[in-house]
Amino acid sequence: MYKENSTFAQLLQLVDRLGFDNSVKKTSSDKRYRNFTTRTQLAAMIFAQLTKQTGLRSLENSFKAESDLYHAGIKGNISRATLSYANNHRDSKVFEDFYFRLLDYYKKLVDPSLMKSEGKNLKLIDATVIPLCKNLCEWAEFRSTKSGIKVHVRYDYDESCPDYLFMTNANKHENSTLADMKLCENDIAVFDRGYFNSLQFNKFCETDIQFVTRIKSNISYSVCDVFGTDGMETNKFIILEDKLIYFSKGKAAKNCSKTLRLVISQDKENGETITLLTNIMNRNALDIAKIYKKRWTIELFFKCIKQNLRIKKFYGLSEKAVKTQIWIALIVYMLFLILKAEYRDNKRTFSNFCSEIGVRLFIHEKLQSWFCFKYSEKSKPEKPTFLEFDFG
């Protein structure tokens, strides 16, 4: 007997502790399923994510080769046919609900006494397209030769996690989704010019939601005031212009009648300029440029999950199967953040977590010891005790 359960079993125990059963009951996802429970499906798909399985057949063979599944709460064999059926028919809402349940728990672990980086909640907004085969995923068609699904994300900069997201067909344009991002008065929304929507900018001004974005080159505007920019520079960029404007022509002028701020900064290394548009009036131009620069964090997040999780190749091609796999991939990311917060570990990165845990899932050691690089506390089998007989 081992003193500790396997790493995989401990990870699933964390799932149970954080209320996955409540999500199952809320969505009734086990209804009409006798044996293959939602938890078993989640366990199989987490295993597939962490071990980078190439397909359902290799996933089935991996489970058959492993005899230490009972303590992980997995009873019976996991066949590829049963898993495929569950992925294609069970609604992904149960995994969506559990993701936001994990998010709520993670936010409680984050120290609320820490000041926000900008005095407000800095929300980075962007979307990423996940391409799909058109012949096999006609439900996601958005071009004559392509299919795809788009993941729209609102990323909390200070908490380093997506705190709201939803999925649409890839043909859904970003500028029509700003209203769906559930922004509030205490938020600073940062997004690229693909989200340029003058009507929404007008609503942001009326509801006191601050934003920073890039202006489109074809937008006509008039200048109503100019601010000085002397000494406005850092080691990386310099402020060239800072002025108040209003849209003067076209659809933008009809949709937005508010006075906005235009800030032009230049990169000292390559000489490129960037023109920013914002409704923030109580900060200097350097602060505006620094806020927009933080938008790059969400690009790094997309790169991180695409490199370390399996969300570009899928085990099922129905809409439910694709969304299920994406939600479970994000659940894995959130479990990592929770472990990092609970163990107060700043060394473990998501990349090395994914690269190492796949080969340690069935090693019997404390999850905390491995996560915090304390490999010396590895669990060993207890020595069997033997009865002593007197042969005298």
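Here is a short report on the structure shown in this document.

The subject of this paragraph is the side chain of Thr213. By the secondary structure assignment, Thr213 is in strand β5 (residues 210–214). Within the local environment of Thr213, its side chain forms a polar contact with the backbone oxygen of Phe191, the two atoms lying 2.9 Å apart. Discounting chain neighbours no more than four positions away, the residues touching Thr213 are Phe191, Asp192, Arg193, Phe201, Thr275, Leu276, Leu277 and Tyr292.

Strand order in the open sheet made by the nine strands is β3-β2-β1-β4-β5-β9-β8-β7-β6, with mixed pairing throughout. A single partner strand is all that each edge strand has here, and the edge strands are β3 (161–169) and β6 (221–226). Along the sheet, successive strands turn relative to each other by an average axial angle of 30 degrees, direction set aside. Of the strands in this sheet, β1 (121–132), β2 (147–156) and β3 touch helix α10 (residues 296–308), which is tilted by about 40 degrees from β1.

Time to look at the pattern of salt bridges. Side chains bearing opposite charge may pair, as long as their charged atoms lie close to each other. In the structure shown here, the tally under the stated rule is 21 salt bridges. Here Lys123 makes a salt bridge to Asp156, at a shortest N to O gap of 2.8 Å. With Lys123 in strand β1 and Asp156 in strand β2, this residue pair connects regions lying 33 residues apart in the sequence. The same class applies to Lys123 and to Asp156, which are both buried. Arg295 is paired through a salt bridge with Asp126; the nearest N and O atoms lie 3.2 Å apart. Here Arg295, found in the loop between α9 (285–293) and α10, pairs with Asp126, found in strand β1; they are 169 residues apart in sequence, far enough to count as distant. Taken together, the shared-partner salt bridges in this structure form one network comprising Lys107, Lys123, Arg154, Asp156 and Asp163.

You can call Asp156 buried: its relative accessible area is 2%. A polar atom in the side chain of Asp156 sits 2.8 Å from the side chain of Lys123. Only 3.1 Å separates the side chain of Asp156 from the backbone nitrogen of Asp158, close enough to count as a polar contact.

The next subject is the pairing of strand β9 (residues 273–278). Within a regular strand, side chains alternate between the sheet's two faces. As paired strands, β5 and β9 are joined by three bridges and run antiparallel to one another. Each bridged residue has a counterpart across the sheet, and for Val212 the counterpart in β9 is Thr278. Strand direction decides the pairing type here: strand β8 (residues 260–267) and β9, joined by six bridges, are antiparallel. Across the sheet, Leu262 pairs through a bridge with Leu277, a residue of β9. What sits between β8 and β9 in their antiparallel hairpin is a turn of five residues, with Gly271 showing a positive phi close to 75 degrees.

Definitions and limits used
Residues numbered from 1 in each chain as written. Predicted model: local features only at pLDDT ≥ 70, side-chain atom pairs only at ≥ 80, totals over all residues. Heavy atoms only, no water. Helix = DSSP H or I, 4+ residues; strand = E, 2+ residues; numbered from the N terminus. Polar contact = N/O pair within 3.5 Å; in protein donor to acceptor, adjacent residues only side chain to side chain. Contact = heavy atoms within 4.5 Å. Pairing = 2+ DSSP bridges. Axes fitted to C-alpha atoms, helices over the stretch in contact; angles between N-to-C directions. Salt bridge = Lys/Arg side-chain N within 4 Å of Asp/Glu carboxyl O. Buried < 20%, exposed > 50% of the residue type's maximum accessible area, 1.4 Å probe, protein only.

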